[in-house]
Amino acid sequence: MVFILKPNVPKDKIDTFISGWEQKGFSTIFSVGTEHTAVCLIGNTAEVDLDQVVNTNDIVDYGKRITEQYKAVNRTVHEDDTIIKVGDVSIGEGFFTVIAGPCSVESDEQILEIARSVRKSGAKILRGGAFKPRTSPYAFQGKQTEGLDMLRQAKKETGLPVISEIMNQTQIDLFDDIDILQIGARNMQNFDLLKEVGKSKKPVLLKRGLANTIEELLMSAEYIVSAGNNQVILCERGIRTFETMTRNTLDISAVVLLKQKTHLPVIVDPSHAAGARSLVPPLSKAALAAGADGLMIEAHNNPAKALCDGAQSLDLGQFSSLMEELKKRAVLENKII
Ligand code: PEP
Ligand code: MN
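A brief report on the enclosed structure follows. From a predicted model like this one, the values you see are computed outputs, not experimental measurements.

For the manganese ion (ligand 2), every protein donor is listed as C103 (SG), H272 (NE2), E298 (OE) and D309 (OD), and the spread of their distances is 2.0 to 2.4 Å. Of note, the manganese ion (ligand 2) draws all its donor residues from one chain, in the sequence arrangement C-x168-H-x25-E-x10-D. Here E298 lies in strand 14 (residues 294-300) and H272 lies in helix 8 (residues 270-274), a separation of 26 residues in the sequence. Its relative accessible area of 8% is what places H272 among the buried residues.

Under the 1.5 Å per step criterion, the end-to-end length of helix 10 (residues 316-332) is 25 Å for 17 residues, consistent within 8% with the ideal 24 Å. Taken together, the buried positions of helix 10 are L316, F319, L322, M323, L326 and A330. Across the axial projection of helix 10, the buried residues extend over an arc of 110°, all falling on one side. Relative to its buried face, helix 10 has exposed residues pointing more than 90 degrees away, namely K328, V331 and L332. Tucked into the core, helix 10 has its buried residues touching strand 7 (97-101), helix 3 (108-121), helix 9 (280-290), strand 14 and strand 15 (314-315). N-capping of helix 10 is provided by D315, with a side-chain oxygen placed 3.1 Å from the backbone N of G317.

Our next topic: the environment of G33. Here G33 is to be found in the loop between strand 2 (27-32) and strand 3 (37-42). Overall, G33 belongs to the buried group, its relative accessible area being 17%. Put simply, G33 and D81 are 48 residues apart on the chain and 9.3 Å apart in space, counted from C-alpha to C-alpha. If we skip the residues at most four places from it in the chain, G33 touches E79 and D80.

So, on to the site of ligand 1. Near ligand 1 you find R127, K132, E165, Q182, G184, A185, R186, K207, R237, H272 and M296, and these make up its full shell. Q182 places a polar side-chain atom, nitrogen or oxygen, 2.9 Å from an oxygen atom of ligand 1. In this structure, R237 approaches ligand 1 through a side-chain N or O atom, which is 2.6 Å from an oxygen atom. Relative to its unbound accessible surface of 290 Å², ligand 1 loses 96% to contact with the protein. When the residues that make up the shell around ligand 1 are grouped by side-chain class, the tally is 2 nonpolar, 3 polar and 6 charged.

Here we come to the nonpolar core. Grouped together as the largest cluster of nonpolar side chains are 70 residues, with contacts concentrated most on V118, L126, V197, L206, L234 and F319. When residues of this core are assigned to their parent elements, the largest contribution, 6 residues, is made by helix 6 (residues 214-226). Three or more residues apiece are contributed to this core by two domains, here domain 1 (2-64) and domain 2 (84-332). With residues near it in sequence (within four places) discarded, V118 still touches A100, A123, L126, L160, A299, L316 and F319. Ranked by size, the runner-up nonpolar core spans 17 residues in total, among them M1, V9, V53 and I59.

Cut-off values and rules
- Numbers given for residues are sequential positions, taken from 1 along each chain in its written order.
- For naming, the first written chain is A and the first written ligand is 1, with later ones following in the order written.
- Per-residue local features are limited, in this predicted model, to residues with pLDDT of at least 70; the limit for side-chain atom pairs, both in listing and counting, is 80 or more; totals at the level of whole chains, interfaces and linings are taken over all residues.
- With hydrogens and water excluded, all non-hydrogen atoms of the structure serve as input to the side-chain values.
- Donor criterion used throughout: N, O or S atom within 2.8 Å of the metal, extended to 3.2 Å for Na, K and Ca. Water excluded; incomplete-looking sites may result.
- Here a helix means four or more residues in a row that DSSP labels H or I, a strand means two or more in a row labelled E, and each is numbered from the N terminus.
- Throughout this description, buried means an accessible area under 20% of the type-specific maximum (1.4 Å probe, protein chains only), exposed means over 50%, and partly exposed covers the range between.
- Here the expected length of a helix is defined as 1.5 Å per residue gap, with one fewer gap than residues.
- The directions from the helix axis to the C-beta atoms are what the arc is built from.
- Only heavy atoms enter the contact rule, under which two residues are in contact if any of them lie within 4.5 Å.
- Under the rule applied, a polar contact is a pair of N or O atoms within 3.5 Å (in protein, one hydrogen donor and one hydrogen acceptor; residues adjacent in sequence only if both atoms are side-chain atoms).
- If even one non-hydrogen atom of a residue comes within 4 Å of a molecule or strand, that residue is called near it.
- The method behind every accessible area is Shrake-Rupley, applied with a 1.4 Å probe, and residues are considered shielded solely by the protein chains displayed.
- Charged residues are taken to be Asp, Glu, Lys and Arg, nonpolar residues to be Ala, Val, Leu, Ile, Met, Phe, Trp, Tyr, Cys and Pro, and polar residues to be all remaining types, Gly included.
- The criterion is simple. A nonpolar core is a set of buried Ala, Val, Leu, Ile, Met, Phe, Trp, Tyr and Cys residues joined through side-chain atoms within 4.5 Å.
- Where a domain begins and ends is set by an automatic assignment or by a domain database.

What follows is the structure in structure tokens.
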């Protein structure tokens, strides 16, 4: 249940209203937006008489029952878009932020060459996996802590903020100086990990699970936000369907729905969705047209020799050409790229 307060209510009256609910055993979410201020109750509100609350509290304008289980990430509770800042970079409404880099960090030279090139092309954040969740235990598992060091070095040399995947909650201390924590598709419902990154002060990029619904993605985001970290970026990266010509099926309508249901930024990873580089440029343009707040694209200096996901990686020239096309289209969408 959410109560929308009247404009310009004094803070002490709001505090009294909130503590009254907390004494009755509810938790609350207090949200200040440009149009309205809201107090959302978390708990069993079946017995709460909505009209009576509105009629007996002069600070309340109106109330609404929220049928969805997600509250803190719900746009009904928090109407304004959340914009996430990573250094000078913004992710969220009004911006189209491109994250690019290799699937895996492979060497100092590799990550540095890619970082310099994608920065020049207009990427604002550098990606690079150090801990890799591979289907086969015999496949390259990533450069691990050494890979994180290479990423930090590339950040130092180029000034680009960096993102890398954290695979479990024991790794959190290793991610010092890594700007964004990525939760991979396979970990979307690793609830202990979600709670742990919820305690962190860093932005979290939460990827949709291979076979998870939009609602489940929102519930996973709710875990992070309700644990105290509201800097969550959602990522649609394709879901499993009966189709075999693509690695996954990019669910473009998920972008539209997520933008309606939540205030969190939504980006698209066309690389893992497609599994093939020829599909990446058109899917990237589709994401921009559908209202995504950005992209995460795999780009490599030598895709044929990549240790992971070469077939879906753009080479640096292809990435640069794609960025030129996106820059033209971003103007039409009124977005800063
Ligand atoms: C990745 O981005 O490196 C990755 C492993 O993607 P996903 O979790 O979406 O499969
Ligand atoms: Mn990959």
